[in-house]
Amino acid sequence: MISGTALVIGASGFLGSHVVKALVDDGRPVRIMVRASSDTSATDHLDVERVVGAIDDAEALMSAMKGCDSVFYCVVDTRAWLRDPAPLYHTNVECLRVVLDAAVDSGLKRFVFTSTFGTIGRNASGISTEDDAFNWWDDAPDYVKCRVEAENLLMTYCRDRGLPGIACCVGNTYGADDIQPTPHGQMVKDAALGRMPIYWEGDGPSVGIADAARALVLAAEKGRVGRRYIVAERWVDFKELFTMAAGRSGVHPPRLKLPLWLSLI
């Protein structure tokens, strides 16, 4: 039974803050680990224990994990537009290694890792599942490649070092309290405010943020160690998304579609 103190690392982020809320709603004791500079306004009203530390600080991680039976790791650098991808690999892979080293020595019952649907392989049938290994290296941007490396690293720790890890391959998340906001949330905001005269080709498996957070909590309770789970509701393209956002605000949706290749110039 997973019922003791849960540590949420990355609790100031969009998904992380909602995981905190879901755990608090369940009556779980919750500890959050954030940076000194983090905006924690999404969870400041909740009765949680706060510790300050960095994900590349092994001592701080061990201290934060002490007494916890589960860790929800919600840290990710999503800056897919960087010309130099080195920071992506540093945060998403190398810092994760430091976290996993701390986790295997902390006596956890579960380590729930936030992965992405982008790590799922393409299936010729058009329908992919968790069993489809990543198979599109030649087409993938560095952001996706580093997330695949991170997920593979997690699974190596599960297999070779006994980490009770589970990966949740989360789709594009949307919903309330996207404070920063996330890149997808900014697009929705622009459409809702009538600031998007044009849109471009784009789509993906999507999920409401509260449902995604609940899925991570359920993964800790019911998931199988060493497995990954797709967390998504359905496929949503940008036209539908932006039209929906504009409609809720009573403004005109973007009408001109820009080819994806042209938006990348």
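These numbers were taken from a predicted model, which means no experiment stands behind them.

1. Quick word on the overall build of the chain
Phase 1: The helix and strand tally for the chain stands at eight helices and twelve strands.
Phase 2: Along the first, second and third principal axes, the C-alpha set of the chain runs to 55 × 45 × 35 Å.
Phase 3: The buried share of the chain, reckoned over its 265 residues, is 49%.
Phase 4: For the chain, the proportion of contacts with a sequence separation of at least 24, taken over those separated by at least 6, is 74%.
Phase 5: Surface exposure of the chain reaches about 13400 Å², of which carbon and sulfur atoms provide 52%.
Phase 6: For the chain, the distance from the average position of its 28 positive side-chain charges to the average position of its 34 negative side-chain charges is 2 Å.

2. Some words on the side chain of Arg31
Phase 1: With respect to the helices and strands, the residue Arg31 is situated in strand S2 (residues 30-34).
Phase 2: One polar contact links Arg31 to Glu49, side chain to side chain, over a distance of 3.0 Å.

3. What about the sheet that holds strand S7 (residues 172-174)?
Phase 1: Strand order in the open sheet made by the three strands is S7-S9-S11, with mixed pairing throughout. The open sheet terminates on both sides in strands that have one partner only, identified here as S7 and strand S11 (234-237). Adjacent strand axes in the sheet meet at a mean angle of 50° when their direction is disregarded.
Phase 2: Alignment of strand S9 (residues 203-208) against S11, held across four bridges, turns out to be antiparallel. Considered in S11, the bridge of Ser206 is made with Arg234.
Phase 3: Most of the contacts of helix H7 (residues 238-249) go to S11, to which it runs at about 75°, and overall it touches S7, S9 and S11.

4. Focus on the pairing of strand S1 (residues 5-9)
Phase 1: Here S1 lies mainly inside the structure; five of its five residues are buried.
Phase 2: With five bridges joining them, S1 and strand S4 (residues 68-73) adopt parallel strand pairing. Bridged to Thr5 within S4 is Cys68.
Phase 3: As judged from the four bridges shared by S1 and S2, these two strands associate in the parallel manner. Residue pairing across strands places Ala6 opposite Val30, the latter belonging to S2.
Phase 4: Note that the unit made of S1, helix H1 (residues 14-25) and S2 has a crossover that is right-handed.

Rules of the game
Residues numbered from 1 in each chain as written. Predicted model: local features only at pLDDT ≥ 70, side-chain atom pairs only at ≥ 80, totals over all residues. Heavy atoms only, no water. Helix = DSSP H or I, 4+ residues; strand = E, 2+ residues; numbered from the N terminus. Buried < 20%, exposed > 50% of the residue type's maximum accessible area, 1.4 Å probe, protein only. Contact = heavy atoms within 4.5 Å. Areas by Shrake-Rupley, 256 points an atom, 1.4 Å probe, with all protein chains shown as cover. Lys, Arg positive; Asp, Glu negative; His and termini not counted. Charge placed at Lys NZ, Arg CZ, Asp CG, Glu CD. Polar contact = N/O pair within 3.5 Å; in protein donor to acceptor, adjacent residues only side chain to side chain. Pairing = 2+ DSSP bridges. Axes fitted to C-alpha atoms, helices over the stretch in contact; angles between N-to-C directions. Right-handed = clockwise from strand over helix to strand, strands pointing away.

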